[in-house]
Amino acid sequence: MTPALRHILPACLAAGLWSCAGAPEAPDLAIAKTTPATYPSAGARTANALTTPWWTRSPPRALAAATETAFDAAPDIAVAAARFDAARARKAEAEAARWFDVVVSGRASASEDSDGDVDETLRGAVDATLPLDISGRLRALRNAAAADVAVAAADFDAARLALAQNIALQAAEAGETAELDALIAAQIEVSETLLRLTELRFAQGQASIVDVLQQRNQLASLAEQRPSLAARRRAALNAISALTGANLDSLDTRSAFLTTPEINNDFAIGAPEDLLDTRPDLRSAKAALDAADARYGAALRDRLPSLSFTGSAVASAVSGSPQELVSATASTALTVFDTGAKRAAVQRRRAELEEAGAAYVRDWLAAVAGVDSLIAEERQTTDAIALSDERLATARRLLEAAQRRYRQGASDFLPVLDAVQSVQQQERANLSLRADLARTRINLHTALGLTEAPGRSPTDPTQGYDT
């Protein structure tokens, strides 16, 4: 070794070790569980062991059928499945990086000198390289790729859950508008009967023209609401058609979703920590955190020396004279100066890790608060429906009494009109509350996540995810 090398080599090694030691400490990712042990709005409700998706536990078969059809046809599901396949391919690439790389090459050439002599050269070589992962960098990259597969699998479940929610909400809209239209049609029939009675009493001098005009105005007010309801129902059915990939003819719009779906209240309400496993978006955030942690570790290890083993076998023949050469080489490399690129890469990965950890906690806290709010909303809407049922029954009894007095000539038309309007308003309020309850339960089922068995694999619907 020359004197210059004896001085330069130790300095290079010292610089490399200093650069490795200068890495920032890993952030503390412990989740501070500051939420209560239970949902305050849930009361004494306990978790149920549910093994089927919530959209299959509702009575309307059309809802479950439309949802299952959408899983096979919706573009969002196809995109999520393709991303899952891409993540698995990247994982396979990371797994392959730890094994031998074998390259076979060959060459044939011929040359002729000025005397006309021809030299023919044949050469064949086999080169094999094996990376020795002494620092653990390749292992960290494999862990990151596996976490990416888990992210894609959770995103696939999230796409399924969001699609089921959207279809159910549109079904609730279609059912509500159909029921409201049927209610208005019945109210129009009652108003037409009252109009005929009022006109008859007017002809007999027992009612004023004001009574007739008021009843005609009431009838027109009801009739003008039907076109907007038909438009809302058509928009909801169009949305279902787009989500399921089915045309409107196949939905049979005359008989599909004619009532608001009775969404069941069989919720799997457990502890807030359960959402970390049941919510696909939280599973995705956790897997993203694992991936960020693995990439941070890989960036740290990238500053350490790398080692590889290479072997080659070469056979050649020059003008018929054979030669063979077998060699083996162990090589190492250490970056001693790179203008701070690797240090910056470590800092970037550390910041990404901190961001993923903070996002995980943020999303979980928001999910817990959202579930508790929906539990309270579902209970309040159920209580409101019970009170609305009582008011509706009372309003109908008052209408019967007013109509009876009107037919007997004991009162004029105004009490009847007031009673009809009261019943109509209460019927609409009751229908609106029931539709709100359906939407709240749909959103609550969605907020609780996929509490049934693990989701289906994008590439094999009969199997779980292979991460």
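Residues numbered from 1 in each chain as written. Predicted model: local features only at pLDDT ≥ 70, side-chain atom pairs only at ≥ 80, totals over all residues. Heavy atoms only, no water.

1. Quick look at the confidence of the model for the chain
Stage number 1. Mean pLDDT over the chain works out to 79, with 75% of the residues at or above the 70 mark.
Stage number 2. Confidence scores differ between elements of the chain, with helix α1 (residues 3-21) showing the lowest mean pLDDT of 43 and helix α10 (residues 341-407) the highest of 91. (pLDDT = per-residue confidence, 0-100. Helix = DSSP H or I, 4+ residues; strand = E, 2+ residues; numbered from the N terminus.)

2. Structural notes on the pattern of salt bridges
Stage number 1. Counted by the stated rule, this structure contains 18 salt bridges.
Stage number 2. Across the salt bridge formed by D157 and R160, the nearest N and O atoms sit 3.0 Å from each other. Taken together, the positions of D157 and R160, both in helix α4 (residues 137-203) and 3 residues apart, correspond to about one turn of that helix. This pair shows no difference in class: D157 is buried, exactly as R160 is.
Stage number 3. Between R396 and E427 there is a salt bridge, and its shortest N-O distance comes to 3.0 Å. With R396 in helix α10 and E427 in helix α11 (residues 414-448), this residue pair connects regions lying 31 residues apart in the sequence.
Stage number 4. When salt bridges with common partners are traced through the structure, they connect E173, E176, R232, D436 and R439 into a single cluster. (Salt bridge = Lys/Arg side-chain N within 4 Å of Asp/Glu carboxyl O. Buried < 20%, exposed > 50% of the residue type's maximum accessible area, 1.4 Å probe, protein only.)

3. Description of the packing of aromatic side chains
Stage number 1. In the structure shown here, the tally under the stated rule is 2 aromatic pairs.
Stage number 2. Ring geometry for W54 versus W55: centroids 5.7 Å apart, planes at 80 degrees, classification edge-to-face. By the burial criterion, W54 is buried, and W55 matches it.
Stage number 3. Judged by centre distance (5.5 Å) and plane angle (75 degrees), the rings of W55 and F71 are edge-to-face. With W55 in the loop between α1 and α2 (61-73) and F71 in helix α2, this pair connects stretches of sequence that are 16 residues apart. (Phe/Tyr/Trp six-rings, centres within 6.5 Å; stacked < 30°, edge-to-face > 60°.)

4. Side note on the environment of A74
Stage number 1. Residue position: A74 is located in the loop between α2 and α3 (75-96).
Stage number 2. By relative accessible area, A74 is classed as buried at 7%.
Stage number 3. The residues contacting A74, other than those within four sequence positions of it, are L163 and L243. (Contact = heavy atoms within 4.5 Å.)

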